[in-house]
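# Summary of the model geometry
Each chain, letter by letter, is given below.
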Amino acid sequence: MSAINPAIVTIDNPQVEIDNLNLFYGESQALKNVSFGIPQFNVTALIGPSGCGKSTLIRCINRMNDLVDNLRVEGLIKIDGEDINHPSLDVIELRRKVGMVFQKWNPFPKSIYENVIYGLRIAGISNKEVLDATVEKSLQKAALWNEVKDRLHGSAMGLSGGQMQRLCIARTIAVSPEIILMDEPCSALDPRSTAHIEDLIRELQGEYTIIIVTHNMQQAARISDYTAYMYLGELIEYGPTNKLFTMPERKETEDYITGRFG
């Protein structure tokens, strides 16, 4: 795949395998020959300047870009060896398996309880014991249970921004995904709430594969195991975070992480 490029490490048995991925909005190319593998049960960060293709790339992994008009994708993305763009693939099942947390928290105007079990309701699950257990388990994992357990049936809209983002993470966890995509989940949060989310990401790491887009290089260095640096739709460098931040292979990467560019 990408072994010929020393700046792109090869991952043995990647859970997500991206091979020669190209994406076009009409005549404009947003991703250019992107190839790399993402390991299971690790945190992988995508960094790079605005407009470099980070968010576009992660939206390919759960096919959210399908909703965009005049878009064309070439190349291959496999999850657990399965081609996610194959015509026979169940996209609804893919999006259950690959959950997503957005930049701006987006709780529904419902109770905290109903927010968490929203996906289960859609799946036709109505057993109260199952729903109750899922709510508690998901909120516990999202480090929110102790803060909201006495007001589960109150409106989610009364939570703080940081709590709302953790609620959205709980909602994602509730449907038992294998992979969680996070598109700048802390960019609208204050430092204290950001610290909560970062702690949570590290706690979830051993149970889920997490792929996070971040503009904050310090955040990438703190929470990720692997980091990919992108520029103008191309993958410039990818490897273990410690190495990429201390001994990058490419001068473009060094210039970006040292602040000489971007």
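Residues numbered from 1 in each chain as written. Predicted model: local features only at pLDDT ≥ 70, side-chain atom pairs only at ≥ 80, totals over all residues. Heavy atoms only, no water.

This part covers the overall build of the protein chain. In terms of helices and strands, the protein chain carries 11 helices and 10 strands. The C-alpha extent of the protein chain, read off along each of the three principal axes, is 55 × 45 × 35 Å. Counting every position in the protein chain, which comprises 262 residues, the buried fraction comes to 52%. The long-range share in the protein chain, meaning contacts at least 24 apart out of those at least 6 apart in sequence, stands at 67%. Here the protein chain has roughly 12,200 Å² of accessible surface; of this, 49% comes from carbon and sulfur atoms. Positive and negative side-chain charges of the protein chain, numbering 26 and 33 respectively, have mean locations separated by a distance of 5 Å. (Helix = DSSP H or I, 4+ residues; strand = E, 2+ residues; numbered from the N terminus. Buried < 20%, exposed > 50% of the residue type's maximum accessible area, 1.4 Å probe, protein only. Contact = heavy atoms within 4.5 Å. Areas by Shrake-Rupley, 256 points an atom, 1.4 Å probe, with all protein chains shown as cover. Lys, Arg positive; Asp, Glu negative; His and termini not counted. Charge placed at Lys NZ, Arg CZ, Asp CG, Glu CD.)

Averaged over all residues, the pLDDT of the protein chain equals 93, while 98% of them reach at least 70. When pLDDT is averaged over each element of the protein chain, strand β3 (residues 43–47) comes out on top at 98 and helix α8 (residues 191–204) at the bottom at 91. (pLDDT = per-residue confidence, 0-100.)

An order of β6-β7-β8-β3-β9-β10 is seen for the six strands of this open sheet, with the pairing classed as mixed. Unpaired on one side and paired on the other, β6 (98–101) and β10 (234–240) mark the two borders of the sheet. The sheet shows a mean angle of 15° between the axes of neighbouring strands, direction not considered. Looking at chain direction, strand β9 (residues 226–231) and β10 are connected through six bridges and run antiparallel. Along β10, the bridge assignment pairs T227 with G239. Sheet contacts for helix α7 (residues 161–174): β6 and β7 (179–183); angle to β6, the most-contacted strand, approximately 170°. (Pairing = 2+ DSSP bridges. Axes fitted to C-alpha atoms, helices over the stretch in contact; angles between N-to-C directions.)

Our next topic: the packing of aromatic side chains. Across all of its chains, the model carries four aromatic pairs by this definition. With a centroid separation of 4.9 Å and an interplanar angle of 20°, the aromatic rings of Y229 and Y256 are classed as stacked. Taken together, the residues Y229 in strand β9 and Y256 in helix α11 (residues 251–257) connect sequence positions 27 residues apart. Under the relative-accessibility criterion, Y229 is labelled buried at 1%. (Phe/Tyr/Trp six-rings, centres within 6.5 Å; stacked < 30°, edge-to-face > 60°.)

Next up on the list: α8. For α8, which comprises 14 residues, the first-to-last C-alpha distance of 20 Å matches the rise-based estimate of 20 Å (1.5 Å per residue) to within 8%. Listed as buried for α8 are S193, T194, I197, E198, L200, I201 and L204. Buried residues along α8 cover an arc of 160° about the axis, so they all sit on one side. Looking at α8, the residues exposed on the side facing more than 90 degrees away from the buried face are P191, R192 and E203. On its buried face, α8 is in contact with β3, α5 (128–141), α7, β7, β8 (209–213) and α9 (217–223). For α8, the N-terminal capping position is held by D190, with its side-chain oxygen 3.0 Å away from the main-chain nitrogen of R192. (Expected span 1.5 Å × (residues − 1). Arc of directions from axis to C-beta. Polar contact = N/O pair within 3.5 Å; in protein donor to acceptor, adjacent residues only side chain to side chain.)

Take the sheet that holds strand β2 (residues 28–38) next. As a general point, the strands of a sheet are linked pairwise by backbone hydrogen bonds and lie either parallel or antiparallel. Spatial strand order, β2-β1-β4-β5: four strands in an open sheet with antiparallel pairing. Of all the strands in the sheet, just β2 and β5 (82–83) have a single pairing partner and so form its edges. Bridge count between strand β1 (residues 16–25) and strand β4 (residues 71–79): eight bridges; the pairing is antiparallel. The partner of E17 across the bridge, within β4, is K78. Sheet strands touched by helix α1 (residues 54–61): β1, β2 and β4. Its angle to β1, the strand with the most contacts, is close to 120°.

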